[in-house]
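Results of the structural survey
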Amino acid sequence: MIKFSIGQSAPRVEDQRLLTGVGQYTDDTVPQGTARAFILRSDRAHALIKNINLEAARKANGVLAVLTEADLATDDIGDMPCLTELENRDGSKQHYTAWPALARGKVHFVGQPVVLVVAETLSQASSAAELVVIDYDDLPAATTIDQTLEETAPQLWDNIPGNQVFDWHLGDEAAVDQQIADAARLTRLRIENNRVVVNSMEPRPVYADYDAETDRSTLYSSTQGPDFILAPLAQKVLKIEPEKIRCITGDVGGGFGMKVFLYPEHVLVTWVSRKLRRGVSYLPTRSDAFASDVHGRDLVSHIEAATDINGVIVALKVLTYSNMGGCLSNFGPYIQTGSGGHMLPGCYRMPVCYNRVIGVVTNTVPVDAYRGAGRPEASYLIERLMDVLAHEHNLPVDEIRRRNFIKPEQMPYTTPLGNTYDSGDFEAVMDAAMAQADWQNFESRRQQSAAAGKLRGIGMSVYIERCGGGGGLASRLLFNDDDSVTLLTGSQTNGQGHETAFTQILSDRLGIEIDRIHIVQGDTDITPPGFTGGSRSVPIGGSSTLQAADAAIEKGRSIAAHLMETADTDIEFTNGQYAVVGTDKTLHLFDVARAARDPASLPPDTEPGLDCERDFTSEEATYPNGCHICELEIDPDTGIVSIENYLVVDDFGDVINPRLLEGQVHGGIAQGLGQALQERTVYDDAGQLITGSFMDYEMPRADTIPPIKFSTLNIPCKNNLLGIKGAGEAGAIGSPPAAINAIVNALKPATGLHHVDMPATAQRIWNLLQAHRYQQRA
């Protein structure tokens, strides 16, 4: 029998199930004979829908339904909601777009659902969809931030003047402007943060069944928590009582923020299943995913940094334009404002800071959370700025950071944008990383690369992020008749290893074997509310689990004392046993749990059972931080980048499972390097996504991601019961600026460049080098 303790690198308990093919993903739940849905999507980015001819499609073999927005209106189906409520700089409220599950009168991006076809088989449904004839009246499209802000840009929504959804701000603009006016030096920088397509391994399949006897639907879907989609789906869209829908999520093949949200497919499949009074499933293709999963990032920032003569920052001012896409997703406007907008100061002292974000609509796929959700964007901005400041002040990149770091003795430290950091020693983390990277001997390695005809560069980023705070991830601990426990949690695994982490906490606290612990997630009928996002599952959900375990132990203490005829204060609990201090009298936890079910065995006024539920809430977030260092070579003849060394030293507080932690960091770094060096989302002027497949959209591969050296220099967090700091997104936050800083470091001696925008593809680098050579010849 195996027990796990907190802090052990225990193997993942879910891997046996997943690796032997018995995992239950959404499409695995679909029974034979289920009707199949096909969604006909817009092939235009911006067009009026003049007419839709459905006659031939409705007559096609096997077809059960062919539906449009008119049918949604007939059934009084509502639009999908944007759940943010931002206040603009002038005190007015943000604008909203409509987002019906099927386009109403107009399409706003390629991939927007227009017609739903349901048939007995997928082949029949897709064949029938080819018979649908849609008469469009094309309109001019705007796909980029610059295009949609032009004076001659098309008006994309009648209720959104100038295509600007919101104009949000944070900080003291007047104080910043005064510091800028008086500063010894002012640095300006324009930074693009490129749009990315999430591309989770598993797309977003949806299956809905209907029970006519109870008038109740069961929706199976790949989400980051079915509870999050239940309320808006039932109340705002289908306009039925939430009790009429049960939402279930099984195993999930990656989420990365993208699967948090309510999508048209959830609405359409549940709605048509109720109409047809039978099960209906929808399985998207990879092409569907490119055109319908919310995208990430896509913003342009204009930075003004005021410094004194020593390079110390005295004020920071940022104006960011953020692309919201064609319709507002659930949290789209929140990502660059409430989620990431507070993190601009990073690890650095500065007396004043001002952040302004303008959200704009374009004719592109909607944008929402992607791993880090605003914090990678903020970290990229400040860490690129630090390297530019180092260049302008003729200082080493580590020295400019040392002069500006928040010091450990200043903790807790409140930034000018309102975050209170509880802990962190940023200089110590940076020093540890530099030592491991052999930073001091880099120039000799650069010379060796030059002798081989290569350009070598090294770059760092020192990041901090805010995550893992709040509440709403309750844990319900049940004691079963077979001497096992079941934990019901509002968290939802997407592959991170939640089952292992929660099992480890319970095994450690209760002193029981792991095979006696069962973890249940993702069923709105039985699991508590919640969802996975913002690296909250273990800091918050784990703390709830710890509280539930402690509550059960304490309740069991009085029962054990009663059974062993002693006082509660004489009972100690260790390693799964209650013992009377100073004697050999003991009772196992499960002996007490069995007795607790019998009212005759209980002390007076004691409720039967040891079952407990707790919902931990933290008023403050956690602030993981660390230093990434990337060393690379560039082949100047091809522009191809080869990462020669990559390492990270992180501060994650106390650690539940080092192996899980390292895996999370590796995955985040891979995604961050993908964005920095490879992933390029391109729309043409007509609004067509021309990088809409893996033939054109380059993903990170095994041969482009180097071995990663990972270590920690941890300071326990003070804001949750486990002392941990969220780790699910950190790798994706620190890696993009480290890689781009290294690219610039490699190119600067040859070109004088001090900034390169992401993605730094081989083509982009080659073009920069060719332009420099042309200028030299001229």
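Below, the structure is looked at part by part. Please read all numbers here as calculations on a predicted model, not as lab measurements.

**Here we look at the packing of aromatic side chains**
For the structure shown, the criterion picks out twelve aromatic pairs. Summarising the aromatic geometry, the rings of F573 and Y578 are spaced 4.7 Å apart at their centres and angled 55 degrees between planes, so their arrangement reads as tilted. For the pair formed by F573 and Y578, the shared burial category is buried. In textbook terms, an aromatic cluster arises when at least three aromatic residues are bridged by ring pairs, as seen for F228, F261, F331, Y334 and F531. When the ring centre of Y263 is taken as reference, the NZ or CZ atom of R204 above it lies at 3.5 Å.

**Remarks on the side chain of T307**
Secondary-structure assignment places T307 in strand 13 (residues 299-307). Here the side chain of T307 touches H393 through a polar contact of 2.9 Å, side chain to side chain. Apart from residues lying up to four places away in sequence, T307 is in contact with A183, A184, R185, V312, I313, V314, L389 and H393.

**Considerations on the pattern of salt bridges**
Summed over all chains, the structure comprises 56 salt bridges. R195 serves as the salt-bridge partner of D298, at 2.8 Å between the closest nitrogen and oxygen. Here D298, found in the loop between helix 9 (286-292) and strand 13, pairs with R195, found in the loop between strand 8 (185-193) and strand 9 (206-211); they are 103 residues apart in sequence, far enough to count as distant. The exposure classification of D298 matches that of R195, with both residues buried. Residues joined in a network through salt bridges with shared partners are R89, D167, E173, D177, K317 and R356.

**Structural notes on the environment of T606**
Along the chain, T606 falls in the loop between helix 17 (589-596) and strand 25 (612-614). Residue T606 is classed as partly exposed on the basis of its relative accessible area, which comes to 21%. Remark: the alpha-carbon pair of T606 and V744, spanning 138 residues in sequence, is separated by 68 Å. Residues contacting T606, with those up to four places away along its chain left out, are K555 and I559. Within the structure, T606 has its side chain in polar contact with the backbone oxygen of P603 (distance 3.1 Å).

**Quick word on the pairing of strand 27 (residues 641-651)**
Looking along a regular strand, one sees the side chains alternate between the two faces of the sheet. The element strand 27 is extensively covered by neighbouring structure, given that eight of its eleven residues are classed as buried. In this sheet, strand 27 lies alongside strand 26 (residues 625-634) in antiparallel orientation, the contact comprising ten bridges. Looking at strand 27, one finds that L632 is bridged to I643. The turn joining strand 26 and strand 27, which pair antiparallel and follow one another in sequence, is formed by six residues; a positive phi near 80 degrees is taken by G639. In this view, the connection linking strand 27 to its parallel neighbour strand 28 (residues 708-712) by way of helix 18 (residues 658-677) has right-handed handedness.

**Regarding helix 7 (residues 226-238)**
Here helix 7 has its buried residues at P226, F228, I229, L230, P232, L233, A234, V237 and L238. Those residues of helix 7 hidden inside the fold are in contact with strand 10 (216-221), strand 11 (245-248) and helix 8 (264-276). Phi turns positive one or two residues past the end of helix 7, at K239, with a value near 60 degrees.

**Focus: the sheet that holds strand 21 (residues 517-520)**
Ordered by their spatial adjacency, four strands build an open sheet running 21-20-19-25, and the pairing between neighbours is mixed. The sheet is open, and its two edges are formed by strand 21 and strand 25, each paired on a single side. Taking each pair of neighbouring strands and ignoring which way they run, the sheet shows an average axis angle of 15 degrees. Pairing of strand 20 (residues 485-489) with strand 21 involves four bridges; the strand directions are parallel. Bridged to L488 within strand 21 is V520.

What counts as what
Residues numbered from 1 in each chain as written. Predicted model: local features only at pLDDT ≥ 70, side-chain atom pairs only at ≥ 80, totals over all residues. Heavy atoms only, no water. Phe/Tyr/Trp six-rings, centres within 6.5 Å; stacked < 30°, edge-to-face > 60°. Buried < 20%, exposed > 50% of the residue type's maximum accessible area, 1.4 Å probe, protein only. Lys NZ or Arg CZ within 6 Å of the ring centre and 35° of its normal. Helix = DSSP H or I, 4+ residues; strand = E, 2+ residues; numbered from the N terminus. Polar contact = N/O pair within 3.5 Å; in protein donor to acceptor, adjacent residues only side chain to side chain. Contact = heavy atoms within 4.5 Å. Salt bridge = Lys/Arg side-chain N within 4 Å of Asp/Glu carboxyl O. Pairing = 2+ DSSP bridges. Right-handed = clockwise from strand over helix to strand, strands pointing away. Axes fitted to C-alpha atoms, helices over the stretch in contact; angles between N-to-C directions.

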